[in-house]
Structure formats: C-alpha cells, structure tokens
Amino acid sequence: MDAGSVTCSPATKSQSRDQILQRKSSRENLDRFIPNRSAMDFDYAHYMLTQSRKGKENPIASSPAKEAYRKQLAESLNMNRTRILAFRNKPPTPTDAVPSEWSSVQQAKPVKARRYIPQTSERTLDAPDIQDDYYLNLLDWGSSNVLAIALGNTVYLWDAADGNTSELVTVDDDVGPVTSVKWAPDGRHISVGLNNSEVQLWDSTSNKLSRTLRGCHQSRVGSMDWNNHILTTGGMDGRIVNNDVRIRAHIVETYSGHHQEVCGLKWSASGQQLASGGNDNLLHIWDRSVASVNSPTQWLHRLEDHTAAVKALAWCPFQGNLLASGGGGGDKSIKFWNTHTGACLNSVDTGSQVCALLWNQNERELLSSHGFTHNQLTLWKYPSMVKMAELTGHTSRVLFMAQSPDGCTVATAAGDETLRFWNVFGSPEVAAKATRKAVPEPFANVNRIR
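What counts and how
Residues numbered from 1 in each chain as written. Predicted model: local features only at pLDDT ≥ 70, side-chain atom pairs only at ≥ 80, totals over all residues. Heavy atoms only, no water. Helix = DSSP H or I, 4+ residues; strand = E, 2+ residues; numbered from the N terminus. Contact = heavy atoms within 4.5 Å. Areas by Shrake-Rupley, 256 points an atom, 1.4 Å probe, with all protein chains shown as cover. Pairing = 2+ DSSP bridges. Axes fitted to C-alpha atoms, helices over the stretch in contact; angles between N-to-C directions. Buried < 20%, exposed > 50% of the residue type's maximum accessible area, 1.4 Å probe, protein only. Core = buried A, V, L, I, M, F, W, Y, C linked by side-chain atoms within 4.5 Å.

Peer 1: Explain the overall build of the protein residue by residue, including any values.
Peer 2: Summing up its helical and strand segments, the protein has five helices and 28 strands in all. Taking all contacts inside the protein whose residues are at least 6 apart in sequence as the whole, residues at least 24 apart take part in 49%. When the accessible area of the protein is evaluated, it comes to approximately 24,900 Å², of which 50% is carbon and sulfur surface.

Peer 1: Give a detailed account of the sheet that holds strand 19 (residues 322–327), specifying residues and quantitative values.
Peer 2: Hydrogen bonds between backbone atoms are what pair the strands of a sheet, whose relative direction is either parallel or antiparallel. In space, the four strands of this open sheet follow the order 18-19-20-21, with antiparallel pairing throughout. In the strand order of this sheet, the two ends are held by strand 18 (310–315) and strand 21 (343–349), each with one partner. Going from strand to strand, the sheet's axes swing by 20° on average, the running direction of each strand aside.

Peer 1: Could you give an account of the pairing of strand 24 (residues 377–381), with specific residues and numbers?
Peer 2: In terms of residue burial, strand 24 counts as a mostly covered element, since four of its five residues are buried. Across five bridges, strand 23 (residues 365–370) lies against strand 24 in antiparallel orientation. Each bridged residue has a counterpart across the sheet, and for serine 368 the counterpart in strand 24 is threonine 378. In textbook terms, the turn of a hairpin is the stretch between consecutive antiparallel strands, and for strand 23 and strand 24 this stretch comprises six residues, one of which, asparagine 375, has a positive phi near 50°. In terms of strand pairing, strand 24 meets strand 25 (residues 386–391) through five bridges, oriented antiparallel. Counted as the bridge partner of tryptophan 380 is lysine 387 from strand 25. In textbook terms, the turn of a hairpin is the stretch between consecutive antiparallel strands, and for strand 24 and strand 25 this stretch comprises four residues, one of which, methionine 385, has a positive phi near 60°.

Peer 1: Break down the sheet that holds strand 28 (residues 418–422) for me, citing the residues and quoting the values.
Peer 2: One open sheet holds the four strands; their spatial order is 1-28-27-26, and the pairing between them is antiparallel. Every interior strand has two partners, whereas the edge strands, strand 1 (123–126) and strand 26 (398–403), have only one. When strand polarity is set aside, the average angle formed by the axes of neighbouring strands in this sheet is 20°. Bridge count between strand 27 (residues 410–414) and strand 28: four bridges; the pairing is antiparallel. From the neighbouring strand, alanine 411 faces strand 28, where its bridge partner is phenylalanine 421.

Peer 1: Would you mind going over the nonpolar core in detail, with residue names and values included?
Peer 2: Counting 36 residues, the largest nonpolar core has Leu139, Leu147, Ile149, Val155, Val178 and Leu419 as its most contacted members. Of all the elements, strand 3 (residues 146–151) adds the most residues to this core, at six residues. Non-local contacts of leucine 419, meaning those with residues more than four positions away in its chain, are made with Arg123, Thr124, Leu125, Ala127, Leu139, Leu147, Ile149, Ala411, Thr412 and Ala413. Grouped together as the second largest cluster of nonpolar side chains are 16 residues, Phe318, Val354, Trp359 and Trp380 included.

Pasting the structure below:
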C-alpha cells in the first residue's frame, strides 16, 4: 500500500453519508429568524440601501417625464419590491386540517328537515251536550284505537280504524251525568265515573256492565287513572282512592291531602308515583310504596306554587321523574317538576287558562290546550319552551285532549260542542322511525331506600 493513499472503511462511508443528509435536511428546514442567503438579491439590496440615502442627501429635481420613465423602468425590472431579506425559498404547501375524504362524508350527511305542522284540524265531529266543565275528564283514547267521549248521560265510542260510532251506555238522570271516562290498559274495559259518586266498569266488546264500584266517594267522580289492575279515582269530596278491580273489597288504599275537588290524576310510567291536582290549587306527589289502607297515606311532596286549580298533568315519556302541570285561569302557567326532590325546574306564563297537557312520544315537545282568550292549542319545544305552532279552530275553551295509541294524532273536545282531530305530532311512518327508548326512572324497581 502506498504511503500517500488513504483507505476508508464501509462504516466511515456510511457515517459521512448521514452527515451529508443531515446538512441537506437542515437547509430545507431553515429557521424563520435566519435569512436565507441563497434566496437574496444582494445587488438589489445594496441599491435599495444606498439609493434611499443618496436621495435624502442630494435631492435632485426631476421633470414629470423622467419620473414617469423611472417608475415604468422600476416595474419592468421588478424593482418595486420592499423586502430586502429572504427567509424562505418558497412557502410550504398548505395542508388540510381535515382530510378531503372526511369532509366529503360530512357534507353528504343529510340535514334533518323541519316537520310540517298542519294549522287546521284534519277532521271535525259534532259533540252535542258535552259539559262545559273545567273539572271533568270526558275524553280518552284507548290502546285498541277507540276513542271514548261522554256527552251528557251517554258514553259514545268512535273507532278510529273505520270511523264508526257506537253507543256504549246511557245512564239514568238520577245517577248522571257522566263525569269522567278512562280506558283500562287492555283497551277493552273502560271505567265510567258518575255524578252520584259511583264508578261503572264496562266491557266495550260485549257492551256489558262488568261491575259497579260503590263507597269510594261521597260526590261526583271527576278524575280517574289506571295503574295495571288498580283504578285510582278522585272525587269532589277531595278523596283519592285506589281500587283493585279484581277483588270484592276493591278499596285498597286512600290518599288524603286535598280540601276541594280532585280534577287531575296521572300515574307515572313506572307506576311508583301518582300526581294529583285539585281545585284547592295544590299539586301532590304520592309514593305507591307507602300507600296504606288502614289510614290515609301521607304525600311525598305537597307543591303549592300554582295559584289556581291544577287539572292538566303529564308525565314526561323520556325522563321518568319529570312532571308537567298546568294551572287554571288565575294562574295560566305551565310548571315542570322533579318529582324525586319536589323542585320546580321551570315555569312558563302561557297567558291563558291551561286545560290539558300532552307530551310528544317521539320528540321533545309538549302540547297544551287553552281557554280564554284564543282557545288555542300551543306546541312547545322542550326544554327551551319556544312556541313551535299555535293551532286554532275551537270557538270555546279546549277542555279535553286525548292522544292516539301511535302518539301522532290528538283529539280535542271543547265547549263549542265539537270534537276535532289534529295531526300535530307527525305521521305514523315518521314517528315509527323516530321512536326512542324512554329513559327509565331511577330505582324504579326499588320501593324504598332505607
């Protein structure tokens, strides 16, 4: 081997190659505060720095023609630049924050169309001799899609499937008129409250009287609701009674708390809590687990915020412990309650008497019916309580409302002796797609936590 020759090992060659690549990458990733000399025009920079100083020290008067020529020459030679230092060869190519395939997917996502709400009723039927009495409950729609309405001493059934109307019963004048009607959960049996304090149970398929409940009240029975085989009745005497219709001694529990007529009764979906409203402006929440037959049951919550009779009651279908209540002409408000704590969550002044309330089963909406002055139906968006629609057509206060089994159609009856049907909650096809599972009431299967 010659003394002047140099031999490089493969490891040394690899190391030098890495150093060259590092230098190359360091040139590409220049610091923004260090000028890039290869991208700078030093001649132009020198001209800009010296020319401005010469102009200030030795101002030379020039004619307009020379000034115009100088500007045109500067534009031609690209001498109108103001920057001297260059920090990058070329700005980096902008990158999308969101990949294009993702943005195309988001753009393709359909926007939910706003539901059309008809402003007029789709059907109107005559309802002669219906009682114009705020404290009664004369309309109900059963699970078999049959509507029951009490007109004077007679209960009529209207089959929504074929539109046929039939007479269920006409009571005598000494026991009538009919003051309340309520379908049992099976859609076959119906309870009929009477002015003489009795309650009759009828089989709608055979048009036969099944039994008569006596001894519950001392005066008319204006409100009722079912909880499986328990029929709860409320009377003008202020009493609330649970009746087990399967046994002979049907009175199994009583609730005492109202001092005047009980005009609103509603069981929660879990069957654990009962809401009652009365003409004494009181709203009570009762716990089924502590009901007693030997002594009057104490209420769970006594709510005194309303300033008029409380008839309109509606349990929320998507939150088990949320109750909406409506006050009469001296109150005109809709209030929302947490029935576990008894707290009033919100109160909305509607401007008129609240006669009835219904929740939309498929959307977060609440429908209210009203009296003087507009006799309207108002659809509210919950929880913002923004008015979505106001439906008019009745010429007297809309005292009674009932909802079809599919949750889409609402029937209303008013003192103007008309029965109207409104497609306010959408078509059955749309409702079937939008049906969501209700949030169960917390600890619904636990009677009491000790």
